[in-house]
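# Structural description and commentary
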Amino acid sequence: LIPASIQTKISKINGPSSPTSPSQHHSFVAHRRQRQNKEFIDFLANGWPGSTLNWTKEDLGDFSACFRQIKVKCGEEIPVSGKANDRFFFLVAEGAVEISALLPTKRKKTENLREFLAKKQAGDMVYLPSVRRLIAESNSREIYERENRDSKTPHAHKNVLDLIDTVGIKSLENSTLLQLDWSLFEAKFGPLAERPAGSKLDIAMLRSILQINITDYLSRV
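Residues numbered from 1 in each chain as written. Predicted model: local features only at pLDDT ≥ 70, side-chain atom pairs only at ≥ 80, totals over all residues. Heavy atoms only, no water.

Here we come to the pattern of salt bridges. Using the criterion set out here, one finds five salt bridges in the structure. Its salt-bridge partner being R195, residue D59 comes within 2.7 Å of it at the nearest N-O pair. In this pair, D59 is assigned in helix α4 (residues 57-64) and R195 in the loop between α6 (182-189) and α7 (203-210), connecting sequence segments 136 residues apart. Assessed through its relative accessible area of 0%, D59 is described here as buried. Each of D59, D62, K188 and R195 takes part in a single network of salt bridges with overlapping partners. (Salt bridge = Lys/Arg side-chain N within 4 Å of Asp/Glu carboxyl O. Helix = DSSP H or I, 4+ residues; strand = E, 2+ residues; numbered from the N terminus. Buried < 20%, exposed > 50% of the residue type's maximum accessible area, 1.4 Å probe, protein only.)

Structure, rendered in structure tokens:
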């Protein structure tokens, strides 16, 4: 048996034990993220569309804990595609990125053509389902024509969203993106989460802002 004094020293060296339950894990990660994102508190309070909400200092601290930082160098690309990223949301905290997508074309020599969609800079946000819906709405005819061209059975019953190719994010300069961790957001601001007594934050409005359909997406190029 290891003496208690030695066990105590080993414990101090190894640090606190890993969280064992989901709630402990969320608390552990949130506490670490809040420290890491301390420099972006002012940005969250003043620099993005949700800043107009009634935030308290504690609300902002909890909200900052819901993000993970993504540092991207100028010219670096972050491909985003597939259902696994359906709720991909990020804020551009520093720098600028461009959003593009592989869209279908009627040309015989190529099936897809990468098309620039928009430039997003500090303060802008991107919610991937909105991007994909917009692409679907503006390109549904071409997408269906491509799918049906070589098939005897029409594919009109298919969800056009499932036929959209890769959405790409490319940094135009050294940039910092804040990607929302939805599991932490639900733990802090979900229906079952208890907010501090002094909080007056309109969570329903916050959720609407995060998942808004960006109607000006193509107009702000």
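Let's shift gears to the packing of aromatic side chains. If you walk through the whole model with that rule in mind, you get nine aromatic pairs. On the numbers, 5.0 Å between centres and 85° between planes, the contact of F63 with F67 is edge-to-face. Classification of F63 by relative accessible area gives buried; the value is 0%. (Phe/Tyr/Trp six-rings, centres within 6.5 Å; stacked < 30°, edge-to-face > 60°.)

So, about the packing of α4 against α6. It is the contact of α4 with α6, at a shortest axis distance of 9 Å, that shows an interaxial angle of 155°. On the basis of the axis angle, α4 is roughly antiparallel to α6. In this structure, α4 uses D59, D62 and F63 to contact α6, whose residues at the interface are F185, K188 and F189. A breakdown of the residues in the contact of α4 with α6 according to their chemical character gives three nonpolar, no polar and three charged. (Axes fitted to C-alpha atoms, helices over the stretch in contact; angles between N-to-C directions. Parallel < 35°, antiparallel > 145°, perpendicular 65-115°, else oblique. Contact = heavy atoms within 4.5 Å. Nonpolar A, V, L, I, M, F, W, Y, C, P; charged D, E, K, R; others polar.)

Before going further, it helps to examine the packing of α6 against α7. At a minimum axis distance of 12 Å, the contact between α6 and α7 shows a crossing angle of 165°. The angle between the axes of α6 and α7 places the two elements in the roughly antiparallel class. In terms of crossing hand, the pair formed by α6 and α7 is left-handed. Contact with α6, carried on its side by W182, F185, E186 and F189, involves I203, L206, R207 and L210 of α7 and no other residues of that element. Split by residue class, the contact of α6 with α7 holds six nonpolar, no polar and two charged. (Left-handed = near helix turned anticlockwise from the far one by under 90°.)

This part takes up the environment of L117. Relative to the elements of secondary structure, L117 occurs in strand β5 (residues 112-121). Judged by its relative accessible area of 5%, L117 falls in the buried class. Note: C-alpha distance between L117 and A101 (16 residues apart in sequence) is 7.2 Å.

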